[in-house]
Amino acid sequence: MRLIHTSDLQIGKVFGFLDPEIAVLLQDARQAVVGTLGQLAIKHGASEILLAGDIYDKQQPSQVTLAKPIEAMRRYPKVTWHLLPGNHDCVRENGLWARLIRSKLPENVRLHLVPGAAEIPSQAAPPAYILPAPLKFISSADDLTSYMDREPTPEGAIRIGLAHGSIVGFGSEGDAANYIAPTRADQAGLAYLALGDWHRQIRINDRTWYSGTPEPDQFKRRPGDSGSICNGGAALLVDIAGPRAIPTVTPLVTGRYRWHQIARTLVEDSEVARLEDELRALEADPSQILLDLRVEGVLSLAGRKEFEERIASSIRAAFCGMRLDDSRLALEPTEADLDDIDRAGFVRVAADRLKALAADAAATEHARIAALALKRLYIEHLRQAGQK
């Protein structure tokens, strides 16, 4: 059989760290990716799509937010969608899953709200069963996949596990400590174990994979990271030839937006232009980029002005969104910079004093304020000179 494995759509997610107009675009993309998955299933001949938890971001979505992905799934009647509760959308009394049950679900949408083998209707042989491990709480101390070891299915059936949590020994990236034994697939005789919770694709072993999120939702930089990191949305196309055959797993690109993280050090003014060229070359369509940019180093006042124009202004406008950390980009005014402000008189005295304060490593806060004041003085001088 052939299926698509995905997870962590987190529909309804609020992107509070971005401007509201950008957040709306990202929310729309999370809704639209359901259609992308359906199109990929048709294109590749996959009859099943497994959503391994966190389809929704919170327990009480609006009725429209709740219904939109279901309506998108309805448009692909030849594909069966298998939905599993995760830690964001765990099973609760009178919660979102109860609301979905009360609604008129299309025949091609199946909810897996209780553990136990569920047959996948198919004319193909051998028969196939999904063994789901739905979360009833945000966090569970037990390995909810352990029942799979004992769950009976007909002899020769393809057994597919579906779970949401963290593999023991790999650390936790999810919000809940829902641990899953990394040996579960072998212990339970699973052909494939489809996992959700971690938002990047990870191969645990030949039969156990995290699909990652089909539409990125956060930057991935961690303490100590440097250089460039790109986070793009993807799903997994899984081919299973038989009950104990090793599945063939192929990543599929699904995301509309690409989340880039870049850290650079600038030590010469000329590097500002090179940085702009590098950023513009990231993607063919810059409007599909979200950028987390961290810049440190030293620039002259003229170089800092160029940085503001080329990077903080132009690049920010070209991209879908940008988060900029330039707190470690220091000013080192040249004599030419200071001469531009004033060659003599009280303004030059003030500029020299600010330069000295900005260079005082022992007075961190005073140095920061002095550097900002010197930059403001320089920019204001250029603005006044341009008006003459």
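In the block above lies the structure referred to throughout.
Okay, so let's go over this structure.

About the thresholds
- Residues numbered from 1 in each chain as written.
- Predicted model: local features only at pLDDT ≥ 70, side-chain atom pairs only at ≥ 80, totals over all residues.
- Heavy atoms only, no water.
- Axes fitted to C-alpha atoms, helices over the stretch in contact; angles between N-to-C directions.
- Helix = DSSP H or I, 4+ residues; strand = E, 2+ residues; numbered from the N terminus.
- Parallel < 35°, antiparallel > 145°, perpendicular 65-115°, else oblique.
- Contact = heavy atoms within 4.5 Å.
- Nonpolar A, V, L, I, M, F, W, Y, C, P; charged D, E, K, R; others polar.
- Pairing = 2+ DSSP bridges.
- 1 Å grid on protein atoms, 1.4 Å probe; cavity = no way out; pocket = protein on both sides within 12 Å on 5 of 7 lines; lining within 4 Å.
- Points joined across faces, edges and corners; volume = space filled by probe spheres on them.
- Phe/Tyr/Trp six-rings, centres within 6.5 Å; stacked < 30°, edge-to-face > 60°.
- Buried < 20%, exposed > 50% of the residue type's maximum accessible area, 1.4 Å probe, protein only.
- Lys NZ or Arg CZ within 6 Å of the ring centre and 35° of its normal.
- Arc of directions from axis to C-beta.
- Right-handed = clockwise from strand over helix to strand, strands pointing away.
- Salt bridge = Lys/Arg side-chain N within 4 Å of Asp/Glu carboxyl O.

### Quick word on the packing of helix α5 (residues 271-280) against helix α6 (residues 301-318)
Two elements in contact, α5 and α6, have axes whose closest approach is 9 Å; the angle formed by their N-to-C orientations is 10 degrees. When the axis of α5 is compared with that of α6, the two are roughly parallel. Contacts from Val272, Ala273, Leu275, Glu276, Leu279 and Arg280 in α5 reach Gly303, Glu306, Phe307, Arg310, Ile311, Ser314, Ile315 and Ala318 in α6. Within the contact of α5 with α6, the residues separate by chemical class into eight nonpolar, two polar and four charged.

### Describing the sheet that holds strand β7 (residues 158-164)
Spatial strand order, β5-β6-β7-β10-β12-β11: six strands in an open sheet with mixed pairing. The open sheet has two edge strands with one neighbour each: β5 (118-120) and β11 (202-205). Averaged over neighbouring strand pairs, the angle between their axes works out to 25 degrees when direction is ignored.

### Quick notes on the layout of surface pockets
Taken as a whole, the largest pocket spans an internal volume of roughly 520 Å³. What lines the largest pocket is a set of 21 residues, among which Leu329, Ala330, Ala367, Arg368 and Ala371 lie closest to the centre. Elements with a minimum of two residues in the lining of the largest pocket: β16 (321-331), α8 (346-358) and α9 (364-387). It is α9 that provides the largest number of residues to the lining of the largest pocket, a total of seven residues. Counted by class, the lining of the largest pocket contains eleven nonpolar, two polar and eight charged residues.

### Some details on the packing of aromatic side chains
Applying the stated criterion across every chain, the model contains four aromatic pairs. With a centroid separation of 6.3 Å and 40 degrees between ring planes, the pair formed by Phe15 and Trp259 is classed as tilted. One end of the pair, Phe15, is in the loop between β1 (2-6) and α1 (20-44); the other, Trp259, is in strand β14 (residues 248-266), with 244 residues separating them in the sequence. When its relative accessible area of 2% is taken as the criterion, Phe15 is described as buried. A connected cluster of aromatic rings, assembled from ring pairs, spans Phe15, Phe219 and Trp259. The ring of Phe15 has Lys13 sitting right over it, with the charged end atom 5.9 Å from the ring centre.

### Section: empty space enclosed by the protein
Summed over the entire model, instances satisfying the criterion amount to one cavity of 30 Å³ or more. Considering only enclosed or pocket space, the largest cavity measures out at about 60 Å³ in volume. In terms of lining, the largest cavity is formed by 13 residues, of which the most central are Leu135, Leu144, His164, Asn178 and Ile180. Put simply, the parts of the chain that give the lining of the largest cavity at least two residues each are β7 and β9 (179-180). Here the lining of the largest cavity is composed, by residue class, of six nonpolar, five polar and two charged.

### Digging into unusual backbone geometry
A negative phi holds for most residues other than glycine; trans holds for most peptide bonds. Positive phi, close to 45 degrees, is recorded for Gln10, a residue that is not glycine. Assignment of secondary structure puts Gln10 in the loop between β1 and α1. For Asn94, which is not glycine, the phi dihedral falls at a positive 60 degrees. By the secondary structure assignment, Asn94 is in the loop between β3 (80-83) and α3 (96-102). Residue Asn94 is classed as exposed on the basis of its relative accessible area, which comes to 53%.

### Observations regarding α5
Within α5 the residues assigned to the buried category are Glu271, Val272, Leu275, Glu276 and Leu279. Projection of α5 onto a plane perpendicular to its axis shows the buried side chains occupying an angular sector of 145 degrees, all on one side. The elements touched by buried residues of α5 are β14, β15 (289-299) and α6.

### Details of the pairing of β1
Taken across its five residues, β1 has four buried, putting it largely inside the fold. Where β1 and strand β2 (residues 48-51) come together, four bridges link them in parallel fashion. If you follow Ile4 over to β2, its bridge partner there is Ile49. Following the chain from β1 across α1 to the adjacent parallel β2, one finds a crossover that is right-handed.

### A few points about the pattern of salt bridges
Evaluated as defined, the whole model comprises 17 salt bridges. Residue Arg304 pairs with Glu308 through a salt bridge whose shortest N-O separation is 2.9 Å. Linking Arg304 with Glu308, this pair stays in helix α6, spanning four residues, or about one helical turn. The exposure class assigned to Glu308 is partly exposed, which follows from its relative accessible area of 25%. Where Asp326 meets Arg304, a salt bridge forms, and the shortest distance between an N and an O atom there is 2.4 Å. With Asp326 in strand β16 and Arg304 in helix α6, the pair connects residues that are 22 residues apart, well separated along the chain. On the accessibility criterion, Arg304 (6% relative accessible area) is buried.

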